[in-house]
Amino acid sequence: NSSSSAVFGGVDSCLIFDKPRTYTPTWTQSTGTGPALGDGTLTALLSYSGFKVDYYLRLVMGSTTTYGDSTGAWQFSLPRISSPVANQYIGAAYLRMNSNNYIYVGEISIGAAETVLTIGYQNGAVRGTFPYTWAAGDTLEFFISYFAP
């Protein structure tokens, strides 16, 4: 019979390791008319390790996918609210333009105590017409780890 307990800064903590599970994210826009998935696919996996969340998302545009009116940044829901302590700039998103086989790399940012993330590219926010005009077959994909309370 064995047990393990760790204490950090006076707070008891436990080690929780979780196997990956599916997650149903939402894809929205910060302002204006948002995108609609149509016949595209939006899949996600997540797992937890204590206060750390591992999150994988893949969005493939379909022929009936619409991309919003581009007045605001695209947003993707987080499985758990982010840490209230500070903003987290924690990863890269791969944006693949299928028609020309171009790959763009964006920066993922999560504000303090947020329930959504956004993706930036060259001082702009990813949206329906930026960094390029999205079309069927284009893909947005990321894997991140972030801290949650």
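Further up the page is the structure itself.
Below is a short write-up of the structure. Remember, it's a predicted structure, so these values are computed and weren't measured experimentally. (Residues numbered from 1 in each chain as written. Predicted model: local features only at pLDDT ≥ 70, side-chain atom pairs only at ≥ 80, totals over all residues. Heavy atoms only, no water.)

As for the overall build of the protein chain
Here's step 1: Broken down by element type, the protein chain carries zero helices and 12 strands.
Here's step 2: In sequence order, the secondary structure elements of the protein chain are arranged as β-β-β-β-β-β-β-β-β-β-β-β. (Helix = DSSP H or I, 4+ residues; strand = E, 2+ residues; numbered from the N terminus.)

Examining the pattern of salt bridges
Here's step 1: Here the structure, examined in full by the defined rule, presents two salt bridges.
Here's step 2: Asp54 serves as the salt-bridge partner of Lys52, at 3.7 Å between the closest nitrogen and oxygen.
Here's step 3: Where Arg58 meets Glu141, a salt bridge forms, and the shortest distance between an N and an O atom there is 3.2 Å. Here Arg58, found in strand β6 (residues 52-60), pairs with Glu141, found in strand β12 (residues 139-147); they are 83 residues apart in sequence, far enough to count as distant.
Here's step 4: A residue is classified by how much of its surface remains accessible, and Arg58, at 32% relative accessible area, is partly exposed. (Salt bridge = Lys/Arg side-chain N within 4 Å of Asp/Glu carboxyl O. Buried < 20%, exposed > 50% of the residue type's maximum accessible area, 1.4 Å probe, protein only.)

Some remarks on the packing of aromatic side chains
Here's step 1: Counted under the stated rule, the structure contains 10 aromatic pairs.
Here's step 2: With a centroid separation of 6.4 Å and an interplanar angle of 0°, the aromatic rings of Trp27 and Phe76 are classed as stacked. Here Phe76 lies in strand β7 (residues 74-77) and Trp27 lies in strand β4 (residues 27-29), a separation of 49 residues in the sequence.
Here's step 3: Classification of Trp27 by relative accessible area gives buried; the value is 9%.
Here's step 4: Overall, the relative accessible area of 1% leaves Phe76 in the buried class.
Here's step 5: Centre to centre, the rings of Tyr104 and Tyr121 are 5.4 Å apart; their planes meet at 75°, and the pair counts as edge-to-face. One end of the pair, Tyr104, is in strand β9 (residues 102-110); the other, Tyr121, is in strand β10 (residues 116-121), with 17 residues separating them in the sequence. Residue Tyr104 shares its accessibility class with Tyr121, and that shared class is buried.
Here's step 6: Within the aromatic cluster, the residues linked to one another by ring pairs are Tyr23, Trp27, Tyr55, Trp74, Phe76, Tyr104, Tyr121, Phe130, Tyr132, Trp134 and Phe142. (Phe/Tyr/Trp six-rings, centres within 6.5 Å; stacked < 30°, edge-to-face > 60°.)

Some words on the environment of Pro131
Here's step 1: Along the chain, Pro131 falls in the loop between β11 (124-125) and β12.
Here's step 2: The class for Pro131 is buried, based on a relative accessible area of 17%.
Here's step 3: Separated by 34 residues in the primary sequence, Pro131 and Met97 have C-alpha atoms spaced 9.9 Å apart.

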